Amino acid sequence: MVSIDKSLCINCGTCMRNCAMGVFRRGETGVEIHPNRRCILCMHCAGSCPKKALRFEGLTEAETYPEGVSEPLEKLIRSRRSIRHYKEQLPPRELLEKAMNTAFYAPSGKNQRAYQLTVVWGKAQVEGLRDRCLALCEEFGEAPELPKLMKYGTDLLTCGAPCMIVAWSPEDCLNPVLDPAVYLAQLELLLVQEGLGTCWGGYLRQVSDRFPEIRELLGMPADCRVRCALMVGYPKGERYPNPVWRPEASAIWLEGEQA
């Protein structure tokens, strides 16, 4: 599905670093495609390649690397990427609080906003939460890939972020899952606009569902569940200067007679 144009590739390894699925590896003649890994078309590789050397089956070069846009909101949405490498620098609390308050203008069913947030703020706090999650996973066999990969230095739970923002809600509110997801999606764009990197933390939700102790560490009541989590920090060595392809939206249009 993905290939490398060797006439353009400079073997910098940017695609290897930024591919979450491990599709690329270093071979005898430079960077090559791993034969046993599956490309999910996230296009991190194309977005970050300084020479635009990646090619995708069924897409032309112009489709893979579309021309940029100038409208600010559209540019922001198109350029947002999931960041998995972070500096130790902690985002200012004032910046986070301003973005969190602004995101509260997100729509919410019946205007309930029944969700709440826990901000795990600081590398030591995030690593403490991560290590307890990993210990429980290893002891009880939940998400066994997490402790296994951590032994090789790959942190899938927090990606080394110095901050995590966790949205949670009770089961008996109107939109227990949708409302916090809408909120966090708008919060993410506000943070990216300020130069921060983000990544959605699905593993934390999975582990917290399994272990009440993790929910307690997050300050949550027993009748609440983690709905979504966002890793936050300044990107370390990840740049995505190239706009990349995305499929067009698929929609069924129910149309009546036009006046």
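See the structure shown above.
Residues numbered from 1 in each chain as written. Predicted model: local features only at pLDDT ≥ 70, side-chain atom pairs only at ≥ 80, totals over all residues. Heavy atoms only, no water.

Novice: Let's hear about helix α9 (residues 202-210): which residues, and what values?
Specialist: Since the α-helix turns once every 3.6 residues, residues separated by three or four places project in the same direction. For α9, the complete set of buried residues consists of Leu204, Val207 and Ser208. Seen from one end, α9 has its buried residues packed into an arc of 100°, which puts them on one side. In this fold, the buried residues of α9 make contact with α6 (123-140), α7 (145-150), β6 (163-170), α10 (212-217) and β8 (224-233). (Buried < 20%, exposed > 50% of the residue type's maximum accessible area, 1.4 Å probe, protein only. Helix = DSSP H or I, 4+ residues; strand = E, 2+ residues; numbered from the N terminus. Arc of directions from axis to C-beta. Contact = heavy atoms within 4.5 Å.)

Novice: Could you give an account of the sheet that holds β6, with specific residues and numbers?
Specialist: A sheet is described by the order of its strands in space; here 4 strands give the open sequence β5-β6-β8-β7, paired in antiparallel fashion. Bordering the open sheet on either side are β5 (116-121) and β7 (197-200), each of which pairs with just one other strand. Across the sheet, the axes of successive neighbouring strands diverge by a mean angle of 25°, strand direction being ignored. In terms of strand pairing, β6 meets β8 through 8 bridges, oriented antiparallel. Within β8, the residue paired with Ala167 across the bridge is Cys228. Sheet strands in contact with helix α8 (residues 178-193) are β5, β6, β7 and β8, and its direction is about 10° off that of β8. (Pairing = 2+ DSSP bridges. Axes fitted to C-alpha atoms, helices over the stretch in contact; angles between N-to-C directions.)

Novice: Residue-level account of the packing of α6 against α9, with values.
Specialist: At their nearest, the axes of α6 and α9 sit 11 Å apart, and the two run at 60° to each other. Here α6 is positioned oblique relative to α9, judged by the angle of their axes. The handedness of the crossing between α6 and α9 is left-handed. Only Leu204, Val207 and Arg210 of α9 make contact with α6, whose side of the interface consists of Leu129, Cys133, Cys137 and Phe140. Per-class residue counts for the contact of α6 with α9 are 6 nonpolar, no polar and 1 charged. (Parallel < 35°, antiparallel > 145°, perpendicular 65-115°, else oblique. Left-handed = near helix turned anticlockwise from the far one by under 90°. Nonpolar A, V, L, I, M, F, W, Y, C, P; charged D, E, K, R; others polar.)

Novice: Could you give me a rundown of unusual backbone geometry, with the residues and numbers involved?
Specialist: Not every positive phi belongs to a glycine, and Asn111 is a case in point at roughly 60°. In this fold, Asn111 is placed in the loop between α5 (93-103) and β5. In the Ramachandran plot, Cys159 falls in the positive-phi region, its phi being about 55° despite a non-glycine side chain. With respect to the helices and strands, the residue Cys159 is situated in the loop between α7 and β6.

Novice: So what's going on with α6? Which residues, and what values?
Specialist: With 18 residues, α6 should cover 26 Å at 1.5 Å per step; its first-to-last C-alpha distance of 26 Å lies within 8% of that length. Three or more residues of α6 are buried, namely Val126, Leu129, Arg130, Cys133, Leu134, Leu136 and Cys137. Taken end-on, α6 shows its buried residues confined to a sector of 165°, consistent with a single buried face. Away from its buried face by more than 90 degrees, α6 exposes Ala124 and Glu139. Those residues of α6 hidden inside the fold are in contact with β5, α7, β6, α9 and α10. Within two residues after α6, Gly141 carries a phi angle of roughly 80°, on the positive side. (Expected span 1.5 Å × (residues − 1).)

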